[in-house]
Amino acid sequence: MGATALKPDPAAIAEAARVLRAGGLVAFPTETVYGLGADATDGRAVARLFEAKRRPAFNPLIVHVAGIEAARELVAWTERAETLARRFWPGPLSLVLPRRPGCPVSMLAGSGLPTLAVRAPRGRTAEALLAETGRPVAAPSANAAGAVSPTCARHVLDALGDAVDLVLDDGPCAIGIESTVVDLNGGIARLLRPGGTPAEDIEALIGKLAEPGSSDAPRAPGQLASHYATSLPLRIDAAGAGPGEALLSFGPEAPPGAAAERNLSPGGDPVEAAANLFAALHELDRSGCAAIVAMPVPEDGLGRAIMDRLRRAAAPRP
Ligand code: AMP
Ligand code: MG
């Protein structure tokens, strides 16, 4: 059994939109990772989504919309939101704002919080699907909660095949790391999660972002200490891998001697490294080695998001 994967031609997009509107679950590619979508206004569909991922209900979902117009119907829009959305949407930036009175999104999708994270994703499949569905689509990454995110349809089928009604397969994701999450629900904007939009680019427009944890920001999956976890133990170590260990390397000077190796970017490019990160983790996880050792990546631009994911993958497991 398991879901079928369809190339995202117009017939498949129409079918996927029909499945979503009927309360089904559709996995689809965005520029960040593959998302597991449900009609955000349908509480039962959203409940199925939490169940399929085994995601704790206290972890709110990001609601995907076609653009600024659609976002304004759901949340109390602000000037800063307008500035950021105009510059970065469609793209890997999620904005946390207060729900509007009468907001049709299920309370479960937002874990009962008075705020909602919204974003307009980039990519022909995601954009066509949202346009065709005509509703906000709640979509976390299409993997089991806490595990490595999927960047191709195969990852989705392996992890969630039986729990998904349909998978749209448009090849590997362009950016490969989740969206940056910015909390605009207050005086100072807060970086809740580094991601595909570099924090520096956001700060250039709206000024310095506060760090998460400097207030009572809700704890959500990307903020949990252990997340993005491989089955094998993972540690971060510039010295490289010991005997029988797999190396996740970066740059031209990887220490030799690893039992298995994936180089995120031999040329040392953090954008290329982000695109390769999760697929490399999936592969090394199946290498039969005793552990995965990740070389650190310089923490600017997308390097900050990469190191955030690696630290959480290396964190003690619950
Ligand atoms: P994921 O769906 O796994 O990409 O993770 C969703 C992320 O969105 C979480 O890590 C949170 O940081 C964030 N998020 C979603 N909704 C909210 C919200 N209402 N308030 C704060 N953060 C949110
Ligand atoms: Mg996720």
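Numbers given to residues run from 1 along each chain, matching the order in which its sequence is written. To label them, take the chains in the order written and letter them from A, then take the ligands in the order written and number them from 1. Predicted model: local features are reported for residues with pLDDT of at least 70 only, side-chain atom pairs are reported and counted for 80 or more only, and whole-chain, interface and lining totals are derived from all residues. Note that water and hydrogens are dropped before the side-chain values are worked out from all heavy atoms of the structure.

Every helix listed is a DSSP run of H or I at least four residues long, and every strand listed is a run of E at least two residues long, numbered separately from the N terminus. Within the protein chain one finds nine helices and 14 strands. Computation of the radius of gyration draws on C-alpha atoms alone. For the globule rule, the value is 2.2 Å times the number of residues to the power 0.38. The C-alpha radius of gyration of the protein chain comes to 19 Å, within 12% of the 20 Å expected for a compact globule of 318 residues. Principal-axis analysis of the C-alpha atoms gives the protein chain an extent of 60 × 50 × 35 Å. For the protein chain, the proportion of its 318 residues judged to be buried stands at 56%. When contacts within the protein chain are restricted to residue pairs at least 6 apart in sequence, long-range pairs at least 24 apart make up 68% of them. For every residue, the accessible area (1.4 Å probe, protein chains only) is compared with the maximum for its type, and the residue is labelled buried under 20%, exposed over 50%, or partly exposed between those bounds. Note on contacts: a residue pair is in contact if any heavy atoms of the two residues lie within 4.5 Å.

All right, on to unusual backbone geometry then. Outside of glycine, negative phi angles account for most residues, and trans bonds account for most peptide bonds. Cis geometry marks the peptide bond from Trp89 to Pro90, where omega comes out at -10°. With respect to the helices and strands, Pro90 occurs in the loop between α4 (79-88) and β5 (93-98). Positive phi, close to 55°, is recorded for Tyr228, a residue that is not glycine. Residue placement: Tyr228 occurs in the loop between α7 (199-206) and β11 (234-236).

Of the residues making up α4, those classed as buried are Ala81, Glu82, Leu84, Ala85 and Phe88. Each element contacted by the buried residues of α4 is listed here: α3 (68-72), β5 and α7.

Moving on, we come to the pattern of salt bridges. Salt bridges, as used here, are contacts in which a Lys or Arg side-chain nitrogen is within 4 Å of a carboxyl oxygen on Asp or Glu. Inspection of the entire model under this criterion finds 19 salt bridges. In this structure, the salt-bridge partner of Glu211 is Arg304, at a minimum N-O distance of 3.1 Å. Taken as a pair, Glu211 in the loop between α7 and β11 and Arg304 in helix α9 (residues 302-314) lie far apart in primary sequence, 93 residues in all. Put simply, Glu178, Asp308, Arg309 and Arg312 are held in one network by salt bridges that share partners.

Alternating residues of strand β2 (residues 26-29) divide into Val26 and Phe28 and Ala27 and Pro29, and every residue in both groups is buried. Note: β2 against strand β3 (residues 34-39), four bridges, orientation antiparallel. Opposite Ala27, over in β3, you have Leu36 as the bridge partner. Should DSSP find at least two bridges between two strands, the strands are taken to pair. Connecting β2 to the next strand, β3, in antiparallel fashion are four residues. Pairing of β2 with strand β8 (residues 166-168), which is carried by two bridges, proceeds in the parallel orientation.

This paragraph deals with the environment of Pro172. Within the secondary structure, Pro172 sits in the loop between β8 and β9 (180-183). Residue classification places Pro172 among the exposed residues on the basis of a relative accessible area of 68%.

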